[in-house]
Structure formats: C-alpha cells, structure tokens
Amino acid sequence: RNLPLERRLQTAAVLQWVYSFLALAQTCIILFFVLLFTRFWIISVAYGVWWFLDWDTPSKGGRRSQRLRTHAVWRYMRDYFPITLVKTVDLDPQQNYLLGSHPHGVLVAGAFTNFCTEATGFQKLFPGITPYLLMLPLWFRAPFFRDYIMGGGLIPSDKDSASYLLKNKAGGNAIVIAVGGAPESLNARPGAFTLLLKNRKGFIKLAILHGASLVPVFSFGENELFDQVDNPRGSWLRTIQEKLQGIMGVALPLFHARGVFQYSFGLIPYRKPIATVVGKPIKVMENPNPTNEEIERLHKIYMEELSKLFEEHKAKYNVPADKHLTFV
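These numbers come from a predicted model, not from an experiment.

Visitor: Just to check I follow, could you spell out the packing of helix 1 (residues 5-22) against helix 2 (residues 24-35) for this structure?
Guide: The geometry of a pair of packed helices is captured by two quantities: the angle between their axes and the separation between those axes. Interaxial distance between helix 1 and helix 2 falls to 4 Å at its minimum, and their mutual angle equals 65°. Counted together, Tyr 19, Ser 20 and Leu 22 of helix 1 and Leu 24, Gln 26 and Thr 27 of helix 2 form the full contact between these two elements. Taken together, the residues of the contact of helix 1 with helix 2 break down into three nonpolar, three polar and no charged.

Visitor: When you look at helix 11 (residues 202-210) in this model, what are you seeing that I'm missing?
Guide: Given 3.6 residues per turn, any residue in an α-helix points the same way as the ones three and four places further on. The buried fraction of helix 11 amounts to seven of the nine residues, a majority that puts the element mostly inside the structure. The set of residues buried in helix 11 consists of Phe 203, Ile 204, Leu 206, Ala 207, Ile 208, Leu 209 and His 210. For helix 11, the secondary structure elements touched by its buried residues are strand 2 (97-102), helix 9 (159-166), strand 5 (173-178), strand 7 (213-220) and helix 13 (292-313). One or two residues past the end of helix 11 sits Gly 211, with phi positive at roughly 65°.

Visitor: Mind showing me how you'd approach the environment of Pro 137 here?
Guide: Turning to its location among the elements, Pro 137 is positioned in the loop between strand 3 (130-135) and helix 8 (145-151). Counting along the chain gives 40 residues from Pro 137 to Ile 177, while the straight-line C-alpha distance between them is 13 Å.

Visitor: When you look at the sheet that holds strand 5 in this model, what are you seeing that I'm missing?
Guide: Think of a sheet as strands paired side by side through backbone hydrogen bonds, with each pair either parallel or antiparallel. One open sheet holds the seven strands; their spatial order is 1-10-7-2-5-3-4, and the pairing between them is mixed. Edge positions in the sheet fall to strand 1 (83-87) and strand 4 (154-156), since each has one partner strand and no second. Neighbour-to-neighbour, the strand axes of this sheet turn through a mean angle of 25°, independent of strand direction. Relative to strand 7, strand 2 is paired through six bridges, and the arrangement is parallel. Bridging from a neighbouring strand, Leu 99 pairs with Val 215 of strand 7. Along the sheet, helix 9 makes contact with strand 2, strand 3, strand 4 and strand 5, crossing strand 5 at roughly 155°.

Visitor: I'm lost on the UniProt feature "transmembrane region" (unreviewed entry) in the protein in this one. Help?
Guide: UniProt marks residues 12-34 with the feature "transmembrane region" (unreviewed entry), using the numbering shown here. Spanning residues 12-34, this segment combines 96% helix with 0% strand, and its end C-alpha atoms are found 27 Å apart.

Visitor: For this particular structure, what's the right way to read the pairing of strand 3?
Guide: Walk down a regular strand and you will see the side chains alternate between the two sheet faces. By the criterion of burial, strand 3 is predominantly enclosed, with five of the six residues buried. Pairing of strand 3 with strand 5 involves four bridges; the strand directions are parallel. Among the inter-strand pairings, Leu 133 is bridged to a residue of strand 5, identified as Val 176. Relative to strand 4, strand 3 is paired through three bridges, and the arrangement is parallel. Counted as the bridge partner of Leu 133 is Leu 154 from strand 4.

Visitor: Would you explain the packing of aromatic side chains in this entry?
Guide: Two aromatic rings, taken as a pair, are described by how far apart their centres are and by the angle between their planes. Scanning the entire structure with this criterion turns up 22 aromatic pairs. Aromatic side chains Phe 32 and Tyr 47 sit 6.4 Å apart centroid to centroid with 70° between the ring planes, which places their arrangement in the edge-to-face category. Residue Phe 32 is found in helix 2, and its partner Tyr 47 is found in helix 3 (residues 41-53); the two are separated by 15 residues along the sequence. Phe 32 sits in the buried class, given a relative accessible area of 10%. On the numbers, 4.4 Å between centres and 45° between planes, the contact of Tyr 47 with Phe 144 is tilted. Here Phe 144 lies in the loop between strand 3 and helix 8 and Tyr 47 lies in helix 3, a separation of 97 residues in the sequence. When its relative accessible area of 10% is taken as the criterion, Tyr 47 is described as buried.

Visitor: Could you clarify how one ought to interpret the nonpolar core in this entry?
Guide: Nonpolar side chains tend to gather and get buried jointly when the protein is soluble and globular. Grouped together as the largest cluster of nonpolar side chains are 50 residues, with contacts concentrated most on Val 14, Trp 17, Met 77, Phe 81, Leu 99, Phe 145 and Leu 154. When near neighbours in sequence (up to four residues on either side) are disregarded, Leu 154 contacts Phe 112, Cys 116, Leu 133, Met 135, Phe 140 and Ile 149. In this structure, Ala 162, Phe 218, Ile 282 and Val 319 belong to the second largest nonpolar core, which totals 35 residues.

Visitor: Just to check I follow, could you spell out helix 3 for this structure?
Guide: Across its 13 residues, helix 3 extends 19 Å between first and last C-alpha, which sits within 8% of the 18 Å expected from 1.5 Å per residue. Residues Ser 44, Tyr 47 and Trp 51 constitute the buried set of helix 3. Taken down its axis, helix 3 places every buried residue within 65° of arc, on the same side. Along helix 3, exposed side chains directed more than 90 degrees from the buried face belong to Phe 52 and Leu 53. For helix 3, the elements touching its buried residues are helix 2 and helix 8.

Visitor: Can you help me understand the side chain of Thr 117 in this one?
Guide: Tracing the backbone shows Thr 117 in the loop between helix 6 (109-115) and helix 7 (122-125). Look at Thr 117 and you get buried, because its relative accessible area is 1%. A polar contact is formed between the side chain of Thr 117 and the backbone oxygen of Thr 113, at a distance of 2.5 Å. Only 3.1 Å separates the side chain of Thr 117 from the backbone nitrogen of Ala 119, close enough to count as a polar contact. Residues contacting Thr 117, with those up to four places away along its chain left out, are Arg 69, Trp 74 and Phe 112.

Criteria and thresholds
- Residues numbered from 1 in each chain as written.
- Predicted model: local features only at pLDDT ≥ 70, side-chain atom pairs only at ≥ 80, totals over all residues.
- Heavy atoms only, no water.
- Axes fitted to C-alpha atoms, helices over the stretch in contact; angles between N-to-C directions.
- Helix = DSSP H or I, 4+ residues; strand = E, 2+ residues; numbered from the N terminus.
- Contact = heavy atoms within 4.5 Å.
- Nonpolar A, V, L, I, M, F, W, Y, C, P; charged D, E, K, R; others polar.
- Buried < 20%, exposed > 50% of the residue type's maximum accessible area, 1.4 Å probe, protein only.
- Pairing = 2+ DSSP bridges.
- UniProt positions renumbered as here; feature names shortened; annotations may be inferred.
- Phe/Tyr/Trp six-rings, centres within 6.5 Å; stacked < 30°, edge-to-face > 60°.
- Core = buried A, V, L, I, M, F, W, Y, C linked by side-chain atoms within 4.5 Å.
- Expected span 1.5 Å × (residues − 1).
- Arc of directions from axis to C-beta.
- Polar contact = N/O pair within 3.5 Å; in protein donor to acceptor, adjacent residues only side chain to side chain.

As structure tokens, then:
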C-alpha cells in the first residue's frame, strides 16, 4: 500500500502476465460459450464465423500488432525484474534464423518479453529481423486468446508454421524455439542449469531443411523466478507430472514465489534480473534430405556453441565458476 506508484505498476503488469499464461485462455473459452446464452449471443456467432475464415492465419505468420508489442504494460513488466536483451553480433536481415532459447523456465519470461514485445528494443538491436516465438498449437484453439497471442508474434510450434516463415527466401525471419519445451519447466528452480537438449534434434533438422542459421540464446536468471516443489526423477510427483504432460501436452510444475502484498508465498515471480544473451549464428547449409550423421554433427556443434556462450557470460551474471550446463 505504501509502495511507490512505479513499483505498484510493475507488480500489476507482471500479475496480468502471469494471469494471461495461467488462466486467460480458459477465461476466453468460458466467455465465448457464456455469451451464446445471453442477449449478446451475436458476438460469439460473429466471432465463430470469423474464426472459421481465419483458421489458418496462425500457421501463416500470424497477425502481429505493433500497438500490442509496444504497449506500456510491457515496459513496466521489463522493469519489475528487470529484463535485458544482450546482443553479441549483428544478424543479417537477408538471412533467416532459428533461435534456440534456453532455459524454458516456468513461464518463459525472458523469451516472451524479449521476442513478443519491444520492451527491450529487439527491433533497434536487430533491425530488419522479425521474431516469432513458437507456442503449443492447442492455445491457438482458444477463441479471443488466439488473437491476443498472435498480436505478440506467437505462432504454433509445429513444422508447417515454422517452415512457412523459414522458406521465405527474402530473409529477415527469426523463429524462436524454447527447445526444452514444457517438460523442461519441471526442472526449473533457482540454481538449476539442466537443459533438455541431448535428444532434441527436430529443430536441427528444421534448420537444415531451410538453410536457416542456428543461434543459441541463453537467459541468465530465468530459473531464479520461482521455487518449485521437489520432484526428482523417479518420484511419485514427477511420474504424475510426466503422465499428465503426455496426455495434455502441457506440463504442470508446482511452483510458487511471492504474493502481491507479502513475500512469503504466492504466484508472483521474484524480482530477479534476467539477461537474455543472443549468441553468434551457426551457418547451416540447406539440404532437403539431411542424413542422421549430418543432424548429429550439427547438433553437437550447437551444444558446444551454447556451452561456450554460457561459459563466456556466466561471470557477468553472478553464476558460480563451478556451475556448468548439463544436457539430458
């Protein structure tokens, strides 16, 4: 209550972001059906017609909104942690890129803020490059919510959606993939540097198919935002979480952090800085029929470059010298 206005606005911005990831889709679905039984039924009917005609838009680059991406709410969210985007080299706007974002964290705060908003100045740092963050396809089945996430530059995380942009020979497209995906969120906790990457090679094949340069990206501080109930591999909790993830396609980490008016418990993330470091591109030769050996070789190079990026920058972000990335 006695907090400065700026701090309250920052907390409110993060609160709406957490809500948008955890409950906004469900709210939109409920609203769509509830309206059908009110005098405003025409809204849902009209939207249903529009939805049918617009069904393929998410898979064809989406429909980004510069007004949404530059809204002031994202600047307040950026300053809450704060979040910064770190450029190491230029990206050629005549090329297409596939950015591997690590780690996933609980709610992908770094990737969302840096690539779905202009709060950290992506367009100024990388002029001529348009970022697209991949998200589970099921979220694009939620009425109203689909338009909201498309406005930020999100597209479905399937091969067709990514290929549509990467096959554009004019260049300037950057597909951002949280490689560890939802399962990696089950490992997200302070001090964790374990990445689900050893057997994740689909994004490597995708890069080869289209000749898109691979760019390793690491968000220092991403795993510091939330605590998580202990769920070591083999535990009953982890077994249940993995089974539910296999059924529903989304992981359910039991996370917690601080509250709105107290700091002992809640779903608001801790105020921990996040620095998203964009590494140098790995040149990829286009091949419509890549061999397993070619995929394995490039995958190994990618892991080496990601590790190198982490080691070169970790001291700047207070990561102990004895901490290293672990790939599982």
